[in-house]
Amino acid sequence: MVMSTNSNKRENIHQLIQLRNDINKFLSNLSKSQHIDMADASKQNLCAFLALQKLSNSKLHSYLVEEGFSSVKMMSPHVLYSLNKIIGHLFPNDQHHKNYIDLKNARCLKNQRNQELLGKSEEDPVSVMVTLDRSMLETPEIFKELLRLGMTIARINLARDYSIWKSLVENIRTAEKEIGLEKQKGKCLIYMDLPGPKIRVNEFKKITVPLKIDTEKTSSIGYLMSQKSNDSPIPDDFAIKLNIDEFTDAAPGQILHFIDTKGRKRYFTVLEKESATCLKVELNKPAILNEETIIELSYNNKCKLLNLMEKQATIKVKKGDMLRIYKSRHYLGKPKDNGEPASIGITIPEALSNVSSKDKVYFDDGKICAVVEEVNDKYLDVRITLTRNKVEYIKPHKGVNFPDSLVYLNVPAITETDVKTVSEIIPFVDLVGISFIHHPNDIRILKGYLDQQTERKIGVIAKIETKYGLLSLSKIILEGLNLDLFGVMIARGDLAIEIGYEQTAKAQEGILEICRAAHVPVIWATNILHHLNKKGIPLRAELTDAFMGLRADCIMLNKGPNISNSLKFLQHLDQINKDPLLEFRNSVVPFAQYGF
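1. Focus on the overall build of the protein chain
- Helix and strand counts for the protein chain come out as 18 helices and 27 strands.
- Relative to the 2.2 N^0.38 estimate, which gives 25 Å for 596 residues, the radius of gyration of the protein chain is 32 Å and therefore markedly larger than a compact globule would have.
- Oriented by its inertia axes, the alpha-carbon framework of the protein chain measures out at about 120 × 60 × 50 Å.
- Counting the 596 residues in the protein chain, one finds 52% classified as buried.
- In the protein chain, of all internal contacts separated by at least 6 residues, the share reaching a separation of at least 24 is 71%.

Below, the structure written as structure tokens:
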């Protein structure tokens, strides 16, 4: 039995040494093939971590735990150092003495990056980013309140609030001066999301709204006015403009016949000729008029309405409906009509270049799900497969996601709008977020623009919110580590749609692990304490989410009427969250990484 135990121990030690050798071989090959600087401790450790995920096995994990060591799954920030230590304890004659980043230096490096990027030291409470909103400009006191309650980073989403971003920044700086925050602990950082290539639904066609005159509920008296009229009728009475210059032959008592939209015979009686361009009239019965309604002023003088109101068309869909998406950039959506399905255009038709049959499509943050049935040169038809409500509305400006369609091949993450925006915001911004990042080159492009404009160090945040961005995360981080200030945001809104809601929890754990291995700061974002923000009372599930979010280096809160309560709650949660074990999670990255 003893011989068997010793034999197992020798075998496991051999496996550990072999694992270390294989990881170093993996690093050497990566250094040559992908030109990764392994002298950079964070790059080396990230690659070692990825090799560990690829090469280790569960039996080895179990053995280490049985021997009183931590599982290899918990080595993320200092992989080779910990592996070396374990081998040294089990096999004192081991002669491998290379220097790798250790626990202390990994922690120092991460804290230094937190301080430089997020303004957060190890002693500080949780760093909180709050999304600012144009409605806050109506109550400027809110900016001081947010600062007092612990907002350390103010977020401005340039995709939504481009027109008022400067006013939001000015209000933050004014509030800081008024409460003396500058002298206490430094300025609140300003973070701005570049708009990026967000695919949205185009505008819809305008349709005229029929004029309903209900004589049983409102006055039957109103005015007929010519197209040249400058008269000012009584506001409560109806006023109809007609395509005629003057009412030359009209007189009191005259009857003006028409047929309304329901085919009912109706007439106006002229009560008074106010002027050559305005008649005061009385309608005999309730009527509905539209642009096709013809009013007979006399036998040879007929006219139509001019001043009907216009509104955007409404597109309703339900499960089983077909929706047509046109590839024309300026196509205006319209409801189904004459056997044609409802149709829309999108803001970035290049995104449709690689769409294939059976690809999934999501609208409005996943409220409407569809699958592609037909693709041709002009449009693609999608079948609605799921809606949150029995009937849903496709709305202009809402997002559209094509998670299966290789959108990144034709849609750059840094758009022309982003380039223009960067030059405007540089004097005011501390952190810039790359929306829908999917390739390390996106970081190089943004860095080039920043270097052209300023010598100031501006932090770059890679927002992981697409499937390809997730699978390219390690390459994105390796490029980001070349910057002075770099971090990662887990942007769970679009990410959940791209990879599927059921995969989101696993994905965010994997992102945290990879960032821990690279000693890169992480921002936990999207819908944190959403119900508390909106309704004033948190849901049970979001309490857990917020608590787990404290493992990240910064938590992002979205706008809401109860944002102050959410800030207080996070600060309280951080105070009671003093268990150091929370920082370590026994998890394995649940998704592949391109190139590793």
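2. Comments concerning the layout of surface pockets
- Considering only enclosed or pocket space, the largest pocket measures out at about 1,300 Å³ in volume.
- Along the wall of the largest pocket there are 44 residues; nearest its centre are Asp-365, Gly-493, Thr-526, Asn-527 and Asn-558.
- Mapped onto the lining of the largest pocket, the elements with two or more residues apiece are β2 (151-157), α7 (158-161), β25 (486-491), α14 (492-499), α15 (501-518) and α16 (530-535).
- At 5 residues, the largest contribution of residues to the lining of the largest pocket is made by α14.
- Along the lines of polarity and charge, the residues of the lining of the largest pocket split into 13 nonpolar, 13 polar and 18 charged.

3. Some points on the sheet that holds strand β20 (residues 379-387)
- Ordered in space as β17-β16-β20-β19-β18-β22, the 6 strands form an open sheet in which the pairing is mixed. This sheet does not close on itself; its edge strands, each paired only once, are β17 (342-345) and β22 (400-401).
- Where strand β16 (residues 322-326) lies against β20, 5 bridges are found, and the strand directions are antiparallel. Pairing of Ile-325 across the sheet is with Leu-380, part of β20.

4. A look at the sheet that holds β25
- On the basis of which strands lie adjacent, the closed barrel formed by 8 strands has the order β1-β2-β3-β23-β24-β25-β26-β27 and parallel pairing. Recorded for the sheet is a direction-independent mean angle of 25° between the axes of neighbouring strands.
- Both strand β1 (residues 127-131) and strand β27 (residues 554-557) contribute to a ladder of 4 bridges, which runs parallel. Counterpart to Val-128 in the pairing with β27 is Ile-555.

5. Things to note about the packing of α14 against α15
- Where α14 contacts α15, the axes come no closer than 8 Å and their chain directions differ by 120°. As the angle between them shows, α14 and α15 are arranged oblique. In terms of crossing hand, the pair formed by α14 and α15 is right-handed. Packed against α14, whose contacting residues are Arg-492, Leu-495, Ala-496, Ile-497 and Ile-499, the element α15 presents Tyr-501, Gln-503, Thr-504, Ala-507, Gln-508 and Ile-511 at the interface.

6. Brief notes about the pattern of salt bridges
- For the coordinates displayed, the defined rule picks out 27 salt bridges.
- For Lys-447, the salt bridge identified is with Asp-451, shortest N-O distance 2.7 Å. Of the two residues, Lys-447 and Asp-451 both sit in helix α11 (residues 440-453), 4 residues apart, roughly one turn of that helix.
- The exposure class of Lys-447 is partly exposed, given its relative accessible area of 32%.
- Through salt bridges with shared partners, a single ionic network connects Arg-155, Asp-193, Lys-463 and Glu-465.

7. As for helix α17 (residues 540-549)
- All of the buried residues in α17 are Glu-542, Asp-545, Ala-546, Met-548 and Gly-549. Buried residues in α17, looked at end-on, bunch into an arc of 165°, giving them a common side.

8. A few points about the confidence of the model for the protein chain
- Predicted confidence across the protein chain gives a mean pLDDT of 90, with 95% of residues reaching 70 or more.
- Every residue in residues 581-587 is under pLDDT 50, and counting partners more than four places away or in other chains gives 14 contacts.

9. Some details on the packing of helix α13 (residues 473-480) against α15
- Following both chains from N to C, one finds α13 and α15 inclined at 30°, their axes separated by 11 Å at the closest point. Taken as axis vectors, α13 and α15 run roughly parallel relative to one another. The hand of the α13/α15 crossing is right-handed. Between α13 and α15, the residues in contact are Leu-473, Ser-474 and Ile-477 and Ile-511, Ile-514, Cys-515 and Ala-518, respectively.
- Class assignment for the residues of the contact of α13 with α15 results in 6 nonpolar, 1 polar and no charged.

Reading the values: rules and limits
Residues numbered from 1 in each chain as written. Predicted model: local features only at pLDDT ≥ 70, side-chain atom pairs only at ≥ 80, totals over all residues. Heavy atoms only, no water. Helix = DSSP H or I, 4+ residues; strand = E, 2+ residues; numbered from the N terminus. Rg over C-alpha atoms; globule rule 2.2 N^0.38 Å. Buried < 20%, exposed > 50% of the residue type's maximum accessible area, 1.4 Å probe, protein only. Contact = heavy atoms within 4.5 Å. 1 Å grid on protein atoms, 1.4 Å probe; cavity = no way out; pocket = protein on both sides within 12 Å on 5 of 7 lines; lining within 4 Å. Points joined across faces, edges and corners; volume = space filled by probe spheres on them. Nonpolar A, V, L, I, M, F, W, Y, C, P; charged D, E, K, R; others polar. Pairing = 2+ DSSP bridges. Axes fitted to C-alpha atoms, helices over the stretch in contact; angles between N-to-C directions. Parallel < 35°, antiparallel > 145°, perpendicular 65-115°, else oblique. Left-handed = near helix turned anticlockwise from the far one by under 90°. Salt bridge = Lys/Arg side-chain N within 4 Å of Asp/Glu carboxyl O. Arc of directions from axis to C-beta. pLDDT = per-residue confidence, 0-100.

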